Amino acid sequence: MPGKRGRPIEYNPVKAIDHARDVFWTSGFTATSLDALSEATGMNRPSLFGAFGDKERLYLATLQRYREDGVAAMQAALTGKRPLRVELSEMLANATTAYLHSARGCLLIGTASVEATQRPPVREMLAGSLQAFNEVIEKRLRQAVADGEIEDTSEPSALAALISATMHSLAVRARAGDSRVALDQLSAAAMDMICGKPPNRGSKTARKAR
């Protein structure tokens, strides 16, 4: 009698993508080996290929997940229920905390931007992700204009790009070893440009107003 076939190995695609993401995030796409991905996900090569197609498709799946998580985090921070400066400052502070974790910076900026020139699917994913982030920020800025928090002469799309550029800079500088203090100062300067400088609590005018 032929031997009984073993049960097919089950895997959790969500966990597999998360584990693969961490490997890509640490080593980058090119330097990440299939052996490293197999070890991280607990899946052998045939299982990896069967589930995700190939290494690039698995990488794109990790980028897609990163985009979805990023959009969700931005939407949770930019609800419009608090002042614009408070919400944007908190969003940048949370991003800085994430970028400083293991000094990995941003998955998209740190890895996808490197591969984008040679891999059109990665370039498309990178562009789409940046646009998705910008749209969330721009929506909040348009509300801020309507509510009178910032001048109605402001161009929300340009300001959204400025905030995104600040986040990109934070990601790169975090990888380069900048301190938390330096990164927070950069964020504060960006907030001053967008929302205006907050009142100086130590000024004579502020003291008289108390």
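Residues numbered from 1 in each chain as written. Predicted model: local features only at pLDDT ≥ 70, side-chain atom pairs only at ≥ 80, totals over all residues. Heavy atoms only, no water.

### Observations regarding the pattern of salt bridges
Using the following cut-off: The term salt bridge refers to a side-chain nitrogen of Lys or Arg lying within 4 Å of a carboxyl oxygen of Asp or Glu. Note on exposure labels: buried denotes an accessible area under 20% of the residue type's maximum, exposed denotes more than 50%, and partly exposed covers the range between, all computed with a 1.4 Å probe on protein chains only.
Scanning all chains against the criterion turns up 15 salt bridges. Two residues, Arg-140 and Glu-149, come together in a salt bridge whose shortest N-O distance is 3.1 Å. The buried category is assigned to Arg-140, whose relative accessible area is 2%. Take Glu-149: its relative accessible area is 33%, and that puts it in the partly exposed class.

### Focus: empty space enclosed by the protein
What counts, and what does not: Residues are called lining when one of their atoms sits within 4 Å of a cavity or pocket point, these points coming from a 1 Å grid over the protein atoms alone, where a cavity is a set in which a 1.4 Å probe fits but cannot get out and a pocket is an open set with protein on both sides within 12 Å along at least five of seven lines. Grid points are joined across faces, edges and corners, and a volume is the space filled by probe spheres set on the points. Helix numbering and strand numbering both begin at the N terminus, where a helix is a DSSP run of H or I of at least 4 residues and a strand a DSSP run of E of at least 2. Note on residue classes: Ala, Val, Leu, Ile, Met, Phe, Trp, Tyr, Cys and Pro are nonpolar, Asp, Glu, Lys and Arg are charged, and everything else, Gly too, is polar.
Applying the stated criterion across every chain, the model contains one cavity of 30 Å³ or more. One number sums up the size of the largest cavity: a volume of about 40 Å³. It is helix H3 (residues 45-52) that provides the largest number of residues to the lining of the largest cavity, a total of three residues. Of the residues that constitute the lining of the largest cavity, the class distribution is six nonpolar, no polar and two charged.

### Focus: the environment of Ser-33
Where we set the bar: We call two N or O atoms a polar contact when they sit within 3.5 Å, provided that within protein one can donate a hydrogen and the other can accept it, with sequence-adjacent residues counted only if both atoms are side-chain atoms.
Of note, Ser-33 is situated in the loop between helix H1 (13-27) and helix H2 (34-41). Since its relative accessible area comes to 35%, Ser-33 is described here as partly exposed. Separated by 22 residues in the primary sequence, Ser-33 and Lys-55 place their C-alpha atoms 8.8 Å from one another. Separated by 3.0 Å, the side chain of Ser-33 and the backbone nitrogen of Ala-36 make a polar contact.

### Brief notes about the layout of surface pockets
Looking at the largest pocket, its volume works out to about 480 Å³. For the largest pocket, the lining is made up of 22 residues, of which Tyr-66, Gly-70, Ala-73, Tyr-99 and Met-167 are closest to its centre. Broken down by secondary-structure element, the contributors of at least two residues to the lining of the largest pocket are H1, helix H4 (55-77), helix H5 (84-100), helix H7 (120-146) and helix H8 (156-176). The residue inventory of the lining of the largest pocket, partitioned by class, reads 14 nonpolar, five polar and three charged.

All quantities given are derived from atomic positions and should not be read as evidence of function.
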